[in-house]
2 protein chains.
Amino acid sequence: MAVGPGTKVRGSTSGRPIMVLLDLLGRRWALRMLWELRAGPLNFRQLQTACGDISPTVLNTRLAELRDAGIVAVSGEGYLLTQQGGDLLAALLPLNDWAEGWAGSISAAGTRDRP
Amino acid sequence: MAVGPGTKVRGSTSGRPIMVLLDLLGRRWALRMLWELRAGPLNFRQLQTACGDISPTVLNTRLAELRDAGIVAVSGEGYLLTQQGGDLLAALLPLNDWAEGWAGSISAAGTRDRP
DNA sequence: CCTCCTTGCTACTAATTATGTAGCATCTTT
DNA sequence: AAAGATGCTACATAATTAGTAGCAAGGAGG
């Protein structure tokens with residue numbers, strides 16, 4: 001197993017699931033890949049394109065990690081979220097709304113620290 | 001501003017807020033830092049320790065990015081989440097539950113390769 | 001069978017980022 | 001004044017990511 005609950009990861013030897021998850025999702029393109037898979041399966045090159053022509057090296061590495069983690073799976077249709085992956089994505093969807101509000105507030109106030 | 005809505009980021013020239021956010025949170029330690037700040041302010045070295053003795057170089061870089069993004073701020077008490085940062089964290093809290101379920105399901109189903 | 005695509009992915013090098021350690025400058029406390 | 005803390009910079013090394021090329025396998029069409 002590359003990464004999964006119980007694994008020792010950067011910054012935590014405890015293997016606490018949340019730590020493992022934060023490490024996994026903190027790797028480049030991982031979050032974006034989940035995001036791009038939200039609408040349904042994509043094959044390797046489609047996913048690559050969706051992520052802005054990410055290099056196939058990282059894409060493949062990340063895919064392996066996410067598959068090992070049981071978040072992504074392969075099918076005849078291409079790569080897709082597992083049931084669990086879908087649940088994870090659902091937990092991430094609110095980020096979109098937050099980001100929209102963020103955009104509004106920053107372009108309005110544009111500063112670095114809040115009172 | 002280093003990174004914020006409207007910025008061009010890796011994999012997206014659109015500057016769509018969600019893309020900028022996913023890029024920002026996808027940098028090493030960013031998610032973890034937010035997580036560790038959930039309970040209240042921490043000073044530089046406390047935060048460093050909380051993140052498992054992350055190197056001060058990255059810590060400082062990430063802090064600057066998160067401050068530029070209006071997610072983290074400094075006060076006499078140390079580094080803390082802004083109002084917005086708090087909202088973002090709130091959106092991320094469900095990940096903890098998800099991760100717990102993840103741990104359970106993987107150790108129960110023992111899919112890929114666990115002893 | 002033979003080409004010509006498409007697809008998933010490996011190879012390899014260059015560039016960017018992160019790690020790890022040391023230590024300085026600035027307070028605060030004793 | 002001396003002895004911590006604290007926030008951070010410097011710098012060398014290691015690890016990760018980017019970028020590009022291209023191969024092996026499979027399918028469609030001829």
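Refer to the structure above for everything that follows.
This text gives an overview of the structure that appears in the document. (Residues numbered from 1 in each chain as written. Chains lettered and ligands numbered in written order. Predicted model: local features only at pLDDT ≥ 70, side-chain atom pairs only at ≥ 80, totals over all residues. Heavy atoms only, no water.)

1. What to know about the overall build of chain A
For step 1, the next point in the chain: From N to C terminus, chain A includes 6 helices and 2 strands.
For step 2, the next point in the chain: Dimensions along the principal axes, computed over C-alpha positions, put chain A at roughly 50 × 35 × 25 Å.
For step 3, the next point in the chain: Burial statistics for chain A: of 115 residues in total, 50% are counted as buried.
For step 4, the next point in the chain: With an accessible surface of roughly 5200 Å², chain A has 49% of that area assigned to carbon and sulfur atoms.
For step 5, the next point in the chain: With 12 positive and 10 negative side-chain charges, chain A shows a spacing of 8 Å between the two charge centroids. (Helix = DSSP H or I, 4+ residues; strand = E, 2+ residues; numbered from the N terminus. Buried < 20%, exposed > 50% of the residue type's maximum accessible area, 1.4 Å probe, protein only. Areas by Shrake-Rupley, 256 points an atom, 1.4 Å probe, with all protein chains shown as cover. Lys, Arg positive; Asp, Glu negative; His and termini not counted. Charge placed at Lys NZ, Arg CZ, Asp CG, Glu CD.)

2. What to know about the protein's contact with DNA strand D
For step 1, the next point in the chain: By nearness alone, 17 residues border DNA strand D, and Thr57(A), Arg62(A), Arg45(B), Asn60(B) and Tyr79(B) come closest of all.
For step 2, the next point in the chain: Counting only the atoms of DNA strand D that lie within 4 Å of the protein, the sugar and phosphate share comes to 50%.
For step 3, the next point in the chain: Within the contact set of DNA strand D, a phosphate oxygen lies 3.4 Å away from a backbone nitrogen or oxygen of Arg28(A).
For step 4, the next point in the chain: At 3.4 Å from a phosphate oxygen of DNA strand D is found a side-chain nitrogen or oxygen belonging to Asn43(B).
For step 5, the next point in the chain: Breaking the surface near DNA strand D down by element, the ones donating at least two residues are helix H4 (56-68) of chain A together with helix H3 (44-50) and helix H4 (56-68) of chain B.
For step 6, the next point in the chain: Counting residues per element, the surface near DNA strand D draws most heavily on H4(A), at 4 residues.
For step 7, the next point in the chain: Each residue belonging to the surface near DNA strand D can be placed in one class, and the counts come to 6 nonpolar, 5 polar and 6 charged. (Near = heavy atom within 4 Å. Polar contact = N/O pair within 3.5 Å; in protein donor to acceptor, adjacent residues only side chain to side chain. Nonpolar A, V, L, I, M, F, W, Y, C, P; charged D, E, K, R; others polar.)

3. Quick look at the protein's contact with DNA strand C
For step 1, the next point in the chain: In the neighbourhood of DNA strand C, 16 residues make up the surrounding shell, with Asn43(A), Arg45(A), Asn60(A), Tyr79(A) and Trp29(B) lying closest.
For step 2, the next point in the chain: Among the atoms of DNA strand C lying within 4 Å of the protein, the sugar-phosphate backbone contributes 48%.
For step 3, the next point in the chain: Asn43(A) places a side-chain nitrogen or oxygen 3.4 Å from a phosphate oxygen of DNA strand C.
For step 4, the next point in the chain: Thr57(A) places a side-chain nitrogen or oxygen 3.4 Å from a base nitrogen of DNA strand C.
For step 5, the next point in the chain: Per-element accounting of the surface near DNA strand C gives the leading share, 4 residues, to H4(B).
For step 6, the next point in the chain: Split by residue class, the surface near DNA strand C holds 6 nonpolar, 5 polar and 5 charged.

4. Notes on unusual backbone geometry
Residues and elements named next belong to chain B.
For step 1, the next point in the chain: Look at Trp 29: it is not a glycine, yet its phi comes out positive at around 85°.
For step 2, the next point in the chain: Positionally, Trp 29 belongs in the loop between helix H1 (17-25) and helix H2 (30-36).
For step 3, the next point in the chain: Looking at Trp 29, the relative accessible area reads 16%, which means it is buried.
For step 4, the next point in the chain: Unusually for a residue other than glycine, Asp 53 sits at a positive phi of about 60°.
For step 5, the next point in the chain: Along the chain, the position of Asp 53 falls in the loop between H3 and H4.

5. Things to note about the pairing of strand S2 (residues 78-81) of chain B
All names here are of chain B.
For step 1, the next point in the chain: One ladder, built from 4 bridges, connects strand S1 (residues 72-75) with S2; its direction is antiparallel. Looking at S2, one finds that Ala 73 is bridged to Leu 80.
For step 2, the next point in the chain: Between S1 and S2, which pair antiparallel one after the other, the connecting turn spans 2 residues. (Pairing = 2+ DSSP bridges.)

6. Remarks on the relation of the copies chain A and chain B
For step 1, the next point in the chain: Overlaying chain A on chain B yields an RMSD of 0.1 Å, the required transformation being a rotation through 180° with an accompanying axial translation of 0.0 Å. The two molecules are tied by a two-fold rotation axis, judged by turn and shift. Across chain A, the rotation axis passes nearest the C-alpha of Gly26(A), at a separation of 2.2 Å.
For step 2, the next point in the chain: Counting the interface residues of chain A, we find that 96% of their copies in chain B are interface residues as well, pointing to one common contact surface. (Least-squares fit on C-alpha atoms with pLDDT ≥ 70 in both. Contact = heavy atoms within 4.5 Å.)

7. Section: the pattern of salt bridges
For step 1, the next point in the chain: Tallied over the entire structure, the rule returns 12 salt bridges over all chains.
For step 2, the next point in the chain: A salt bridge links Glu36(A) to Arg32(A); its shortest N-O distance comes to 2.7 Å. One end of the pair is Glu36(A) and the other is Arg32(A), both in helix H2 (residues 30-36) and 4 residues apart, which spans about a single turn. For the pair shown, Glu36(A) and Arg32(A) are each scored as buried.
For step 3, the next point in the chain: Its salt-bridge partner being Glu65(B), residue Arg62(B) comes within 2.9 Å of it at the nearest N-O pair. One end of the pair, Arg62(B), and the other, Glu65(B), are both in helix H4, 3 residues apart, so they sit about a helical turn from each other. Here the two residues Arg62(B) and Glu65(B) agree in accessibility, since each one is buried. (Salt bridge = Lys/Arg side-chain N within 4 Å of Asp/Glu carboxyl O.)

The values reported here are purely geometric and, on their own, carry no functional implication.
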